[in-house]
Protein chains: 2
Amino acid sequence: MYNPRILEVRRGVLEKNDLLAQRLRARFNAAGVTVVNLVSSPGAGKTSFLEYTLRNVSEQGLCSAALVGDLATDNDARRLARSGVPVRQIVTGGNCHLEAQMIADHLEEWGLALEDLDLFFIENVGNLVCPASYDLGEHLRIVLLSVTEGEDKPLKYPVMFNSADVTIFTKMDLAAAVEFDRAAATAAVQSVHPGMTILETSAKTGQGMREWLNWLTAFHQSHQL
Amino acid sequence: MYNPRILEVRRGVLEKNDLLAQRLRARFNAAGVTVVNLVSSPGAGKTSFLEYTLRNVSEQGLCSAALVGDLATDNDARRLARSGVPVRQIVTGGNCHLEAQMIADHLEEWGLALEDLDLFFIENVGNLVCPASYDLGEHLRIVLLSVTEGEDKPLKYPVMFNSADVTIFTKMDLAAAVEFDRAAATAAVQSVHPGMTILETSAKTGQGMREWLNWLTAFHQSHQL
């Protein structure tokens, strides 16, 4: 933040958030649930990607639930509820990111039995800046980048791409129409986060989604060992 | 913000920002320059739209300059400099929006003669949340929404669409490929901001850009009366 007073208060908030996130993560670990935090700019396709994922993880024998953040509207929760898994909306009322306290509060109100779950998804507010600084106790932070956004986005939002574990290129069905330069986008990701796993997907055509689901299942299994 | 201490400090920052923005606007008015603040999510096409605009406003006999905000990199300023107009980059170093103080500081360092300009463009950080709260002293706030982002974005980011003066649909050349629902998108805009002007454009094909340039020129002229 530009203002030194806000910087100071924010530092305290981040420390408090980190402590709470650590407690959440310990709770998730004890329950044996793998928690995935999905971040991206608005419109990169988080909800479509998550809807496809929720519908298909059950085929892999996994139980899941999702918590969905938005500034306003519960459109996403209603869309995701069609997948048949438990879904709950957090309306942030203008807040540009989710915080660990919101996750803790909603889990308490929800009364969800974490022990019955294998995977718990958190869809963050669409924003490539603010959510980067807030640990939600997740095990995996997945950043989605749609091919329509431009190959240089990892260079312009380096903190987000650096803090995430995996990059998912979305809307690959539009790659030709927008003349997506895969090599340039990959190089941009690798320059801010060397060695980062990148998967190429389309929730519309299903391209790459099997690979993603296999990757996620393997992560969950190795995480339980 | 979720934290009450931050809320309080932030309220003070916003009041300070608003006062400074008012002073900036008075200065812009005295110089006879119309100031345009471009906001959108990352990758909605602000830089392409601005590049097209800068190249073509001179044909309308108008002098312009641009200040471009980004978290990191000066890619956009380098792209825009090809248009031949004065361009300067603000690297916010992680800040998710521009503030009036940054505009004032950069104008001072730059030594730009505002009196020689007709139009001054500010390209904000790609973010549909935080820039909504920060008046930069602009006369026009233009929000860009690419057809690839989804028709419901105005409902999910109501503060931004409510605070803006005009909505520009961008990447209209992709409308068919993404099955863009113009009626739904228009209804979403109108529901959060009744009567809002909407223009449909593509900086790639030039669709709607003449209409935008005429609209902007007419605004500038009426503003000088």
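Scroll up to find the structure.
Residues numbered from 1 in each chain as written. Chains lettered and ligands numbered in written order. Predicted model: local features only at pLDDT ≥ 70, side-chain atom pairs only at ≥ 80, totals over all residues. Heavy atoms only, no water.

J.: Could you clarify how one ought to interpret the nonpolar core in this entry?
T.: Where a protein is soluble and globular, its nonpolar side chains tend to be buried together. Ranked by internal contacts, the top residues of the largest apolar core, which has 48 residues, are V143 and F161 of chain A together with V143 and F161 of chain B. When residues of this core are traced back to their parent elements, those giving at least two are β5 (140–146), α6 (158–163) and α7 (182–192) of chain A together with β5 (140–146), α6 (158–163) and α7 (182–192) of chain B. Every residue in contact with F161 of chain A, bar those within four places of it in the chain, is listed here: L128, V143, L145, K153, P154, T167, V192, H193 and M196 of chain A. (Core = buried A, V, L, I, M, F, W, Y, C linked by side-chain atoms within 4.5 Å. Buried < 20%, exposed > 50% of the residue type's maximum accessible area, 1.4 Å probe, protein only. Helix = DSSP H or I, 4+ residues; strand = E, 2+ residues; numbered from the N terminus. Contact = heavy atoms within 4.5 Å.)

J.: Teacher, can you tell me more about the pairing of strand β4 (residues 119–123) of chain B here?
T.: Looking along a regular strand, one sees the side chains alternate between the two faces of the sheet. Residue and element names in this part refer to chain B. Burial of β4 is extensive: 5 of the 5 residues sit out of reach of the surface. Burial along β4 is two-sided: the residues L119, F121 and E123 and F120 and I122 are all buried. Sheet topology note: the strand β1 (residues 34–39)/β4 ladder contains 5 bridges and is parallel. For V35, the partnering residue across the bridge sits in β4 and is F120. The sheet contact formed by strand β2 (residues 64–70) and β4 spans 5 bridges and is parallel. If you follow L67 over to β4, its bridge partner there is I122. (Pairing = 2+ DSSP bridges.)

J.: Sorry, what's going on with the pattern of salt bridges here?
T.: Pairs can form between side chains of opposite charge once their charged atoms are near each other. Residues and elements named next belong to chain B. Scanning the entire structure with this criterion turns up 28 salt bridges over all chains. Residue R82 pairs with E51 through a salt bridge whose shortest N-O separation is 3.1 Å. Linking R82 in the loop between α3 (75–81) and β3 (87–91) with E51 in helix α2 (residues 46–57), this pair joins segments that are 31 residues apart in sequence. Among the residues examined, R82 registers a relative accessible area of 53% and is labelled exposed. With a closest N to O distance of 2.7 Å, E200 and R182 form a salt bridge. (Salt bridge = Lys/Arg side-chain N within 4 Å of Asp/Glu carboxyl O.)

J.: Looking at this structure, how should I read the sheet that holds strand β3 (residues 87–91) of chain A?
T.: All names here are of chain A. Spatially, the 7 strands line up as an open sheet ordered β3-β2-β4-β1-β5-β6-β7, and their pairing is parallel. A single partner strand is all that each edge strand has here, and the edge strands are β3 and β7 (197–200). If you compare each strand with its neighbour and ignore which way they point, the axes differ by 20 degrees on average. Where β5 and strand β6 (residues 166–170) come together, 5 bridges link them in parallel fashion. Of the residues in β6, the one forming a bridge with L145 is F169. The sheet contacts of helix α4 (residues 100–110) involve β2 (64–70), β3 and β4 (119–123), and relative to β3 the element is tilted by about 135 degrees. Across the sheet, helix α8 (residues 209–224) touches β1 (34–39), β4, β5, β6 and β7, and the angle it forms with β1 is around 140 degrees. (Axes fitted to C-alpha atoms, helices over the stretch in contact; angles between N-to-C directions.)

J.: Would you explain the interface of chain B and chain A in this entry?
T.: Interfaces are often sized by the accessible area lost when the parts come together. Across the boundary between the two partners, chain B contributes 47 residues, which contact 48 residues of chain A. Summed over both sides, the interface of chain B with chain A buries roughly 3800 Å², with 61% coming from carbon and sulfur. Scanning the region where chain B abuts chain A turns up 6 salt bridges. Salt-bridge contacts for D76 of chain B lead to K156 of chain A; the nearest nitrogen and oxygen are separated by 2.7 Å. Counting across the interface, chain B meets chain A through 9 residue pairs in polar contact (both at pLDDT 80 or more). A total of 5 residues in the side of chain B that touches chain A trace back to one element, the largest contributor, which is helix α1 (residues 4–31) of chain B. Class assignment for the residues of the side of chain B that touches chain A results in 21 nonpolar, 13 polar and 13 charged. (Buried area = accessible area lost by both parts, 1.4 Å probe. Polar contact = N/O pair within 3.5 Å; in protein donor to acceptor, adjacent residues only side chain to side chain. Nonpolar A, V, L, I, M, F, W, Y, C, P; charged D, E, K, R; others polar.)

J.: What's the story with the relation of the copies chain B and chain A in this structure? I'm lost.
T.: What relates the pair of chain copies is a rotation about an axis plus a shift along that axis. Least-squares fitting of chain B to chain A yields an RMSD of 0.0 Å, with the transformation described by 0.0 Å of translation along the axis and a rotation of 180 degrees. A rotation of that kind, with that shift, is consistent with a two-fold axis. A shared interface surface links the copies, since 100% of the contact residues of chain B are contact residues in chain A too. (Least-squares fit on C-alpha atoms with pLDDT ≥ 70 in both.)

J.: In this structure, what is going on with the packing of aromatic side chains? I would like to understand it.
T.: Any aromatic ring pair is given by two values, namely how distant the centres are and how the planes are angled relative to each other. Across all of its chains, the model carries 12 aromatic pairs over all chains by this definition. Relative to F219 of chain A, the ring of W215 of chain A has its centre 5.8 Å away and its plane inclined at 10 degrees; by these criteria the two rings are stacked. A residue pair is termed a helical-turn pair when its members lie 3 or 4 positions apart in one helix, as W215 of chain A and F219 of chain A do in helix α8 at 4 residues. On the accessibility criterion, F219 of chain A (21% relative accessible area) is partly exposed. Both rings, one in W110 of chain B and one in F120 of chain B, keep their centres 6.3 Å apart while their planes meet at 50 degrees; by these two values the pair is tilted. (Phe/Tyr/Trp six-rings, centres within 6.5 Å; stacked < 30°, edge-to-face > 60°.)

J.: Whenever I open this one, unusual backbone geometry confuses me. Can you help?
T.: Peptide bonds are trans in most cases, and residues, glycine excluded, mostly fall at negative phi. Residue and element names in this part refer to chain B. Within the chain, K171 stands out as a residue other than glycine whose phi angle is a positive 60 degrees. Summarising the element assignment, K171 is placed in the loop between β6 (166–170) and α7. Positioned with a positive phi, E179 is a non-glycine residue whose angle comes to about 55 degrees. Position of E179 among the secondary structure elements: in the loop between β6 and α7.

J.: Please clarify how the pairing of β2 of chain A should be interpreted in this entry.
T.: Residues and elements named next belong to chain A. Buried residues dominate β2, accounting for 7 of its 7 residues. Alignment of β2 against β3, held across 5 bridges, turns out to be parallel. Looking across to β3, one finds that G69 is bridged to I90. Viewed along the sheet, the connection from β2 through helix α3 (residues 75–81) into β3 turns out right-handed. (Right-handed = clockwise from strand over helix to strand, strands pointing away.)

J.: Even after reading the chapter, I still don't get the side chain of T170 of chain B, so can you show me in this structure?
T.: All names here are of chain B. As for its position among the elements, T170 is in strand β6. Residue class for T170 comes out buried when judged on its relative accessible area of 4%. Reaching out from T170, the side chain makes a polar contact with the backbone oxygen of A44 at a distance of 2.7 Å.

J.: In this structure, what is going on with the sheet that holds β4 of chain B? I would like to understand it.
T.: Sheet strands line up and pair through hydrogen bonds in the backbone, either parallel or antiparallel. Residue and element names in this part refer to chain B. With parallel pairing, 7 strands are arranged side by side in an open sheet as β3-β2-β4-β1-β5-β6-β7. Two strands in the sheet have a free side with no partner beyond their single neighbour: β3 and β7 (197–200). Neighbour to neighbour, the strand axes of the sheet diverge by 20 degrees on average, direction disregarded. As paired strands, β1 and β5 are joined by 4 bridges and run parallel to one another. Opposite L38, over in β5, you have I142 as the bridge partner.

The values are spatial; any link to function lies outside them.
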